[in-house]
Amino acid sequence: MNNHDFDTLLAEKTVEKEDIFEGRVLHVFRDTVSLPNGGTSMREYAVHRGAVAVVALDDEENVYLVRQYRYAIGRSTLELPAGKLELGEDDKEAAARRELSEEIGVTAGKMTPLGVYMASPAILTERIYCYLAEDLT
């Protein structure tokens, strides 16, 4: 069975959509869905416009990280340079270059797309577009 067939078999159908909250970063919904077994259930999730993350690799094979205080967990973390996409921003590479410059003050001679990561797909639509940045100046 391929992924499409599997998804079709297990697909949940929206019966009712409730708009809970719309903020600057997240839009939260609570949906009632019909399940493949005929039952219904509730799904709460947040819509996010997406983000970029950059693995910045220098000539000595060092990877650059930034320390960020994260209010939600009450502490700082070490993270890849990253940031959310601006409203209507379609050029993911340009966004990655912007974040690289803003967060660690470098530019990349070469940017390679690494793929898309979804950190919490059970509750969040955010897609993080990842890049490898090389030839740093």
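Data block above holds the structure.
Residues numbered from 1 in each chain as written. Predicted model: local features only at pLDDT ≥ 70, side-chain atom pairs only at ≥ 80, totals over all residues. Heavy atoms only, no water.

Visitor: I tried to follow the environment of Val 25 on my own but got confused; where do I start?
Guide: Structurally, Val 25 is set in the loop between strand S1 (13-22) and strand S2 (27-34). On the basis of relative accessible area, Val 25 is assigned to the partly exposed category, the value being 38%. Once residues within four sequence positions are removed from consideration, Val 25 is found in contact with Val 47, His 48 and Lys 84. (Helix = DSSP H or I, 4+ residues; strand = E, 2+ residues; numbered from the N terminus. Buried < 20%, exposed > 50% of the residue type's maximum accessible area, 1.4 Å probe, protein only. Contact = heavy atoms within 4.5 Å.)

Visitor: Looking at this structure, I do not really get the sheet that holds strand S7 (residues 82-84). What am I missing?
Guide: By definition, the strands of a sheet pair up through backbone hydrogen bonds, in either a parallel or an antiparallel sense. Taken together, four strands build an open sheet; the order of strands is S7-S4-S9-S8 and the sheet is mixed. Every other strand in the sheet has two partners, leaving S7 and strand S8 (108-117) as the edge strands with one partner each. Neighbour-to-neighbour, the strand axes of the sheet open up by a mean angle of 20°, direction not taken into account. Direction of pairing for strand S4 (residues 51-56) relative to S7: antiparallel, over a ladder of three bridges. When the bridges of S7 are listed, Ala 53 appears paired with Ala 82. (Pairing = 2+ DSSP bridges. Axes fitted to C-alpha atoms, helices over the stretch in contact; angles between N-to-C directions.)

Visitor: Is there a simple way to explain the sheet that holds S1 in this structure?
Guide: Strand order across the open sheet formed by three strands is S1-S2-S3, with antiparallel pairing between neighbours. The strands lining the two open edges of the sheet, one partner per strand, are S1 and strand S3 (40-47). Strand-to-strand twist across the sheet, computed as the mean angle between neighbouring axes with direction ignored, equals 20°. Judged from the eight bridges that link them, S1 and S2 form a sheet pairing that is antiparallel. Note on S2: the bridge partner recorded for Glu 16 is Thr 32.

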